[in-house]
Amino acid sequence: MHQTPDTSFYFYLGQAVILGGIVLYLVSLWWRQRELQADWDALQAWDEDRD
Amino acid sequence: MESSRPIGLRVVEVMAALSMAIALWMVMAYAPMERTMGIVQKVFYFHVAANWLGMLSFIIAAIAAVIYLFTRDRKWDALEVAAVEIGLVFAFIGVVSGSIWARPIWNTWWTWDPRLTTVTIMLLVYVAYFMLRRGIDDPDRRARFGAVYAIVGMLSVPLTFFSVRIYRTIHPVVVGKNEAGAQGAFDMTVAMRHTLFMSLFAFTVLYVALLWHRYRLGRAADRLEEERLRLME
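Predicted, not measured: the structure shown is a model, and the values here were computed from it.

So, how was this worked out
Residues numbered from 1 in each chain as written. Chains lettered and ligands numbered in written order. Predicted model: local features only at pLDDT ≥ 70, side-chain atom pairs only at ≥ 80, totals over all residues. Helix = DSSP H or I, 4+ residues; strand = E, 2+ residues; numbered from the N terminus. Buried ≥ 20, exposed ≤ 12 C-beta atoms within 10 Å, placed from the backbone. Contact = placed C-beta atoms within 7 Å. Axes fitted to C-alpha atoms, helices over the stretch in contact; angles between N-to-C directions. Parallel < 35°, antiparallel > 145°, perpendicular 65-115°, else oblique. Left-handed = near helix turned anticlockwise from the far one by under 90°. Nonpolar A, V, L, I, M, F, W, Y, C, P; charged D, E, K, R; others polar. Expected span 1.5 Å × (residues − 1). Core = buried A, V, L, I, M, F, W, Y, C linked by C-beta atoms within 7 Å.

## Some details on the overall build of chain B
- The helix and strand inventory of chain B stands at seven helices and zero strands.
- Written out in order from the N terminus, the α and β elements of chain B read α-α-α-α-α-α-α.
- Summarising its shape, the C-alpha atoms of chain B cover approximately 70 × 40 × 25 Å along the three principal directions.
- Taking all 233 residues of chain B together, the buried fraction comes to 42%.
- Pairs at least 24 apart in sequence give 75% of the contacts found in chain B among residues at least 6 apart.

Listed below in structure tokens is the structure:
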């Protein structure tokens, strides 16, 4: 009789890599948006100080 | 600089979250367990969906590149960069998840099979795209060179897609006939097909949301660069 192998470790590892990768990319987008906003604010503040 | 997200993007975000949740439930609970491979076969659903997005994204990048070369409108350059970046993320996720599936099924993490070789070439081609862009300071020149590269680089996409149909390979084929030596191939049941199509749909909606966000980020970076140049004058 055929016995199905226990491959659950690789399944959960695979799912974690896929979903974790997507979440990491979302965090990187949020982080870069935040950095960009900070650069923009710093530029505006510098411009106001110059005036 | 700070602008709220348009209503369309919010709708796509909600749709992406809902469809991803449904797809995950279908993978975990609805799709049946394949007897020969066990539960690791279920990596297949998101693995295929991730690779689909990788290839779709590189094609979208090439289309945006062609439009940029005709119009010289920087918004198409921003879309092209966004598509290449997201394509790289999903192609890489596809490779890593495939490698994890291969360990118990092929008894190795990696082998230089035609599919794995061509997908590696495709990844390296698009990593080099960002290296090329980083080496050019002038924004217009950078966009022009990037567009030409994105069009030429797109040739690696059909090469990767058809590699399992042209060469002798152990990689299974989802649509079409498997090679005699394919290891890990299986016949899909109706529930498996439903789960695969739901996964493809969910990842595609997620892709629209990610592409939109990344495009907005690229446009914001362009505005910052223009503002910086304006203030320096």
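## Re the packing of helix α1 (residues 7–30) of chain B against helix α7 (residues 190–232) of chain B
Residues and elements named next belong to chain B.
- Here α1 crosses α7 at 150°, and the two axes come no closer than 8 Å. Our classification of the angle between α1 and α7 gives roughly antiparallel. Viewed along their axes, α1 and α7 form a crossing whose handedness is left-handed. Side by side, α1 and α7 meet where Leu-9, Val-12, Glu-13, Met-15, Ala-16, Ser-19, Met-20, Ile-22, Ala-23, Met-26, Val-27 and Tyr-30 of the first sit next to Ala-191, His-194, Thr-195, Met-198, Ser-199, Phe-201, Ala-202, Val-205, Leu-206, Val-208, Ala-209 and Trp-212 of the second.
- Here the residues of the contact of α1 with α7 sort into 19 nonpolar, four polar and one charged.

## Focus: helix α5 (residues 139–153) of chain B
Residue and element names in this part refer to chain B.
- With 15 residues, α5 extends 20 Å between its outermost C-alpha atoms, agreeing within 8% with the 21 Å of an ideal straight helix rising 1.5 Å per residue.
- For α5, the set of buried residues is Ala-143, Gly-146, Ala-147, Tyr-149, Ala-150 and Gly-153.
- Among the structural elements, α2 (43–71), α3 (74–105), α4 (114–134) and α6 (156–166) are those in contact with the buried residues of α5.

## Quick notes on the interface of chain A and chain B
- Contacts between chain A and chain B engage 24 residues on the former and 29 residues on the latter.
- Of the residues assigned to the side of chain A that touches chain B, the class counts are 11 nonpolar, nine polar and four charged.

## Section: the nonpolar core
- B:Ala61, B:Ala83, B:Val84 and B:Ala150 are the most contacted members of the largest nonpolar core, which totals 68 residues.
- Those elements that provide at least two residues to this core are α1 (8–50) of chain A together with α1, α2, α3, α4, α5 and α7 of chain B.
- For this core, the leading source of residues is α3(B), giving 18 residues.
- What B:Ala61 contacts, discounting residues up to four positions off in sequence, is B:Glu80, B:Ala83, B:Val84, B:Gly87 and B:Ala150.

## A word on the environment of B:Met33
Residues and elements named next belong to chain B.
- Tracing the backbone shows Met-33 in the loop between α1 and α2.
- On the neighbour-count criterion, Met-33 (13 C-beta atoms within 10 Å) is partly exposed.
- Through-space distance from the C-alpha of Met-33 to that of Met-192 is 9.3 Å; in sequence the pair is 159 residues apart.

## Focus on the packing of α3(B) against α7(B)
Residue and element names in this part refer to chain B.
- Packing of α3 against α7 leaves a shortest axis separation of 8 Å and a crossing angle of 130°. Considered as vectors, α3 and α7 are oriented oblique to each other. When you trace α3 past α7, the crossing you get is right-handed. Listed contacts from α7 to Arg-74, Lys-75, Ala-78, Leu-79, Val-81, Ala-82, Ala-83, Glu-85 and Ile-86 of α3 are Tyr-207, Leu-210, Leu-211, Arg-214, Tyr-215, Gly-218, Arg-219 and Asp-222.
- A breakdown of the residues in the contact of α3 with α7 according to their chemical character gives 10 nonpolar, one polar and six charged.

## Let's talk about unusual backbone geometry
All names here are of chain B.
- One non-glycine residue, Arg-72, lies in the positive phi region at around 60°.
- With respect to the element layout, Arg-72 can be found in the loop between α2 and α3.
- In this model, Asn-107 sits at a positive phi of 65°, which is unusual for a non-glycine residue.
- If you trace the backbone, Asn-107 turns up in the loop between α3 and α4.
- Classification of Asn-107 as exposed rests on a count of 9 C-beta atoms within 10 Å.

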